[in-house]
Amino acid sequence: MDQKILDQLKQCSKDEASYSKLKELYTELENRFLRVNQQLSLLEQAIKHDYDSILITDLDLEKPGPKIVYVNDGFTKMTGYTKEEAIGNTPRMLQGEKTDRHVLDRLKERLIEGQAFFGHTVNYKKDGSEFINQWDIHPLTNKNGEITHWVSYQRDITDRKESGKLVFDANLDFDNLVEESKKTFVDLDVQGNIISSNSSFKNLLGYDADEFKTIKFWDLVLEDDKEEVKRLFSDFDAEQIEESPYQWEFTQKDGETVKLEGKVNYFVNNEETIIRIHFDNISLRDRIIETLKRKKKDLESIVGKKDEFVLRFVIQENGQTGCKFVSDGYSALTGLDPDIVIKEGVKNVVHADDLRDVEDAMEKAFEGTSTSVNCRYKTSDGNYISVVQSFKPDYGTNGKVVESVKSVAMIELEVEN
């Protein structure tokens, strides 16, 4: 125990017995602190290769925003801000001109509901440079189940985003799809005549503007929907418009059908009532959802619900490069024994045509430059799986360069004999 602390304890003691008791209590608290600190250090070591940054904030979501109460070393490394600069500040310190307000609004809505959130947007480092920050935010609760803090696991995905090699997200947000669908609209008079429509609506149904002039709007829908559409336009009354969208199935010129969801509005132009309907293509949305489900199922069946693996290489004492660590994801993806890589490196598992690119990228990483390549890894059945392999240098405690290699399986898999 530090002598200065012992002296202070002695000054606070009325006799030798109280001094001994204070020293015993302080020793117990100090040991407890050291144990907790060691556990926290072990936790950070365990997860530092999965996330670039971790921060914890308090619960207050109102302006100026939740205060940061903890950041790990990865946060400092990723953003350039020291722990002292971050703690007591808010995550707004990372936001700027290109930060997507729509994403932040969705984030706040989820947190108000007490729900986890996953998303990404542009953030800014201390030096003003941009990076794409991916968050995985979860609530922390006390023993009564009450939320007390938020923990945010963060990753810099700039390289993956810019290269366009992100694994396809099976939880795709359809907000943007809905916004785009609002560009599909038609304007009608109160008798159901088509006054005008944009090119998206024409192309969707396959008619041109002149053909629309001879068609009543309800003649475009199937019989099951025709009566509802006619009622809407017979003796049109704005008060009868439903708040919720209408769903109608339309017949395209080539005979195919398409289901659209329409939001009905109206406005008055030169004393004439114009009815405008914005459409969302439900058939397209359903096809996208089914495609997403299919792709997710296909990918999970191929990679066993794991889409990445990690290799770590070191410069050994003899100056040669050796593999130190192979994550479980490697076997899950390839079906091969990780000892092959640990004993022989990547020369026998990477496609011969890609080996030189991998070796060049690894060499640059040992020189301190992060990079990534697209390459193919052999699988147990003799085929190949295509991955994006990111090389990220790190510096170990012994001063030697340690190379982290993260490989992310692409949704489009190349299979070769």
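For the structure itself, consult the block above.
Bear in mind the structure is a predicted one, so any value in this text is a computation, not a measurement.

**Student:** So what exactly am I meant to see when it comes to the nonpolar core here?
**Tutor:** As a rule of thumb, nonpolar side chains are buried together in soluble globular proteins. In terms of nonpolar packing, the biggest core is built from 26 residues, with Phe201, Phe217, Leu220, Trp248, Phe250, Ile277 and Phe279 touching the most fellow members. Where this core is concerned, the elements lending two or more residues are strand 6 (184-188), helix 8 (199-205), helix 10 (223-233), strand 8 (246-251), strand 9 (257-269) and strand 10 (272-281). Ranked by size, the runner-up nonpolar core spans 24 residues in total, among them Val326, Leu355, Ala361 and Phe366.

**Student:** Teacher, can you tell me more about the packing of aromatic side chains here?
**Tutor:** Aromatic ring pairs: the centre-centre distance and the angle between the two ring planes describe each pair. One pass over the full model with this rule turns up 12 aromatic pairs. A cation sits over an aromatic face here: Lys125 above Phe131, 5.7 Å from the ring centre.

**Student:** Before we go on, may I ask you to explain the environment of Lys378 in this structure?
**Tutor:** Mapped onto the elements of the fold, Lys378 is located in strand 13 (residues 371-378). Taking the C-alpha atoms as reference, Lys378 lies 6.7 Å from His351; in sequence the two are 27 residues apart. At 3.4 Å, the side chain of Lys378 forms a polar contact with the backbone oxygen of Asn348.

**Student:** Looking at this structure, how should I read the environment of Leu311?
**Tutor:** Looking at the element boundaries, Leu311 is found in strand 11 (residues 308-315). Take Leu311: its relative accessible area is 0%, and that puts it in the buried class.

**Student:** Any chance you could explain helix 5 (residues 101-112) here in plain terms?
**Tutor:** Structurally, the α-helix is built with 3.6 residues per turn, so residues lying three or four positions apart point the same way. Helix length check: helix 5, at 12 residues, gives a terminal C-alpha distance of 16 Å against a target of 16 Å (1.5 Å per residue), a fit within 8%. Taken together, the buried positions of helix 5 are occupied by Val103, Leu104, Leu107 and Leu111. Seen along its axis, helix 5 keeps its buried residues to an arc of 100°; they face one direction. The secondary structure elements touched by the buried residues of helix 5 are strand 3 (117-124), strand 4 (130-141) and strand 5 (147-156).

**Student:** Help me out: how do you make sense of the side chain of Ser152 in this one?
**Tutor:** Counting through the fold element by element, Ser152 comes out in strand 5. For Ser152, a relative accessible area of 5% puts it in the buried group. Reaching out from Ser152, the side chain makes a polar contact with the side chain of Gln154 at a distance of 3.3 Å. Setting aside residues no more than four positions away along its own chain, Ser152 makes contact with Ser53, Ile54, Leu55, Trp135, Asp136 and Ile137.

Conventions and cut-offs
- Residues numbered from 1 in each chain as written.
- Predicted model: local features only at pLDDT ≥ 70, side-chain atom pairs only at ≥ 80, totals over all residues.
- Heavy atoms only, no water.
- Core = buried A, V, L, I, M, F, W, Y, C linked by side-chain atoms within 4.5 Å.
- Buried < 20%, exposed > 50% of the residue type's maximum accessible area, 1.4 Å probe, protein only.
- Helix = DSSP H or I, 4+ residues; strand = E, 2+ residues; numbered from the N terminus.
- Phe/Tyr/Trp six-rings, centres within 6.5 Å; stacked < 30°, edge-to-face > 60°.
- Lys NZ or Arg CZ within 6 Å of the ring centre and 35° of its normal.
- Polar contact = N/O pair within 3.5 Å; in protein donor to acceptor, adjacent residues only side chain to side chain.
- Expected span 1.5 Å × (residues − 1).
- Arc of directions from axis to C-beta.
- Contact = heavy atoms within 4.5 Å.

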